[in-house]
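Residue-level listing of the chains:
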Amino acid sequence: MKLFDVYPINPINIVRGQGSLVYDAQDNEYLDMYGGHAVISIGHTHPHYVKRLEDQLHQLGFYSNSIEIPIQKELASKLGKVSGKEDYQLFMCNSGAEANENALKLASFYNGKKKVIAFTKAFHGRTSLAVAVTDNPKIVAPINETDNVIFLPWADEAALTQAFADNEISSVIIEGIQGVGGIQVAPESFLQKIRSLCDEHNAVFIADSVQCGYGRTGKFFSQDFAGIDADIYSMAKGMGNGFPVGGIIISPKIQPAYGMLGTTFGGNHLACAAGLAVLEVMEQDNLMQNAATIGEYLIKELKKLEQVKEVRGRGLMIGIELPEELAHARKELLFKHRIFTGEAKPNVVRLLPALNLTKAHADRFLEAFVDVLNQ
Ligand SMILES: Cc1ncc(COP(=O)(O)O)c(C=O)c1O
């Protein structure tokens, strides 16, 4: 059987990793400034993570949500503490798209309304509702098309206010920093406006934190910079450091009912062990602070480079916009300097490394980047 060929891939076979370094089958070393697409939050094969998963696997890998799973409560309690949202409720699933799918559905259960506001260049996933609120017609199949989604221009307060006028809005979904959209930071005043309009119209504010959340920006949720609380935060990627786990945390104003949401695999014992290991390391090693410090350093240094058009982002979620003639920079970084980075169109290099990236590794990247720009 062949693989279904949907990914344009690089001819590199990564076989092991440690911290922010990964190695191919020939034992060549690569610096991972991409984190496997923002997934590796505490570094590859972190010893505490490996041990926690290994210990859990020896005890029990899986049993269904029809029994008590104390490790889920342990994870919820730790997540409440680390995120500062202790009065929220956790529902676990397996991916970012699924988290958003559940968030949008829950919002509609809550207020009985159907319309969703999403924004240009948004990416929220590939399942049916998640892709319907994603602004990329190429990945929306005819079956996913719906009249329930209203796309508005990014950060346009007047358009937002106007869209609320008929009082049909169930929810607003927004990334605190657009990832796929090219690292665009949502203005704080815009997030505050969403908050006040949602309050006024009994709509649900969904903060897609799949990429920009989980400490990556130096705060647990990037929306925290605006001093507001969303009603639902969706999470995945960094939550499991590579173990597939996602979830939503839900404001106390939204009450659960049996059967409202459900999943076979979500919240399984192994996923919870992975999630707890991540939070324990984040807390113990002060990783949010490290993300803020190293991120600030990288942004400051990148802004000094005259060939760079713009540097955007917060903490360790950074977009470097390059002119067209430097479009080859990512490939050069990978094949000449063995450094993984992410991309966003057009010509944006995305940095999404592990939150414990060291200053030495940040410098190694900067040196290579300067070399690539000057070729
Ligand atoms: C902001 C955002 N939301 C949702 C998703 C979808 O997550 P997943 O690929 O885990 O379904 C992504 C993935 O890149 C994302 O960046």
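Up top is the structure.
To start, this report covers the structure provided alongside it.

The rules behind these values
Throughout, a residue's number is its position along its own chain's written sequence, starting from 1. Note on the predicted model: pLDDT of at least 70 is required for a residue's local features to be given, and 80 or more for side-chain atom pairs to be given and counted; whole-chain, interface and lining totals, by contrast, use all residues. Note: two strands are recorded as paired if DSSP finds a minimum of 2 bridges between them. Here a strand is any run of E in DSSP of at least two residues, a helix any run of H or I of at least four, and the numbering for each starts at the N terminus. Axes here mean lines fitted to C-alpha atoms, for a helix over just the part in contact, with angles spanning 0 to 180 degrees between N-to-C directions. Contact between residues is assigned whenever the C-beta positions, reconstructed from backbone atoms, fall within 7 Å. Multiply 1.5 Å by the residue count of a helix minus one, and that product is the helix's expected span. Counting other C-beta atoms within 10 Å of each residue's C-beta, where C-beta atoms are placed from the backbone, gives the exposure class: buried for 20 or more, exposed for 12 or fewer, partly exposed between. The directions from the helix axis to the C-beta atoms form the arc being described. Think of it this way: take the backbone, place a C-beta atom on it, and check whether that atom is within 6 Å of the molecule or strand, in which case the residue is near it. In this count, Pro and Cys sit with the nonpolar residues alongside Ala, Val, Leu, Ile, Met, Phe, Trp and Tyr, while Asp, Glu, Lys and Arg are called charged and the others, Gly among them, polar. Roughly parallel refers to an angle under 35 degrees, roughly antiparallel to one over 145, roughly perpendicular to one between 65 and 115, and oblique to any angle outside these ranges. What makes a crossing left-handed is the near helix being turned counterclockwise from the far one by less than a right angle; a clockwise turn instead makes it right-handed.

This next bit is on the sheet that holds strand β17 (residues 348-351). Taken in spatial order, the four strands line up as β13-β14-β17-β16 in an open sheet, and their pairing is antiparallel. Of all the strands in the sheet, the pair left with one neighbour each is β13 (310-314) and β16 (342-344). Strand after strand, the sheet turns through a mean of 25° between neighbouring axes, direction not considered. With four bridges connecting them, strand β14 (residues 317-321) and β17 associate as antiparallel partners. Across the sheet, the residue bridging to isoleucine 320 is valine 349, located in β17. Seen against the sheet, helix α9 (residues 287-303) touches β13, β14 and β17 and runs at an angle of roughly 170° to β13.

Quick look at helix α7 (residues 188-200) now. Spanning 13 residues, α7 covers 19 Å between terminal C-alpha atoms, matching the ideal 18 Å at 1.5 Å per step. Among the residues of α7, Leu191, Lys193, Ile194 and Cys198 are the ones counted as buried. The buried residues of α7 occupy one face: seen down the axis, they fall within an arc of 155°. Across α7 from its buried face, at more than 90 degrees, point the exposed residues Ser189, Ser196, Asp199 and Glu200. Of the surrounding secondary structure, the elements contacted by the buried residues of α7 are α6 (157-163), β7 (169-175) and β10 (204-208). Following α7 by one or two positions, asparagine 202 has its phi on the positive side, about 50°.

Residues in close proximity to the ligand total 14 residues, the closest being Ser95, Gly96, Ala97, Gly125 and Val210. Tallying contributions element by element places helix α4 (residues 96-111) first for the shell around the ligand, with three residues. Classifying every residue of the shell around the ligand by side-chain character gives five nonpolar, seven polar and two charged.

Attention shifts here to the environment of serine 128. Summarising the element assignment, serine 128 is placed in helix α5 (residues 128-132). Each C-alpha atom, one on serine 128 and one on isoleucine 249, is 21 Å from the other, the two residues being 121 residues apart in sequence.

That bond from lysine 345 to proline 346 is cis: its omega, -10°, falls within 30 degrees of zero. One non-glycine residue, lysine 121, lies in the positive phi region at around 70°. Residue placement: lysine 121 occurs in the loop between β5 (115-119) and α5. On the basis of neighbour counts, which here come to 20 C-beta atoms within 10 Å, the residue lysine 121 falls in the buried class. Look at alanine 155: it is not a glycine, yet its phi comes out positive at around 65°. Relative to the elements of secondary structure, alanine 155 occurs in the loop between β6 (149-152) and α6.

Our focus in this paragraph is the sheet that holds strand β12 (residues 246-250). The strand order β4-β12-β11-β10-β7-β5-β6 describes an open sheet built from seven strands, whose pairing is mixed. Looking at strand neighbours, the two that pair on one side only are β4 (89-93) and β6, the edges of this open sheet. With strand direction ignored, the average angle separating the axes of adjacent strands in the sheet is 20°. As paired elements, β4 and β12 share five bridges and run antiparallel to each other. Residue pairing in the sheet places glutamine 89 in a bridge with isoleucine 250 of β12.

Two packed helices can be described by the angle between their axes and the distance between those axes. For the pair α9 and helix α11 (residues 359-373), interaxial distance at closest approach is 10 Å and the crossing angle is 20°. Judged by the inter-axis angle, α9 sits roughly parallel to α11. Relative to α11, α9 is oriented so that their crossing is right-handed. When α9 is examined against α11, the residues Ile294, Tyr297, Leu298 and Glu301 are found in contact with a partner set consisting of Lys359, Ala362 and Leu366. Here the residues of the contact of α9 with α11 sort into five nonpolar, no polar and two charged.

From the geometry alone we can't say anything about function, so treat these as descriptive.
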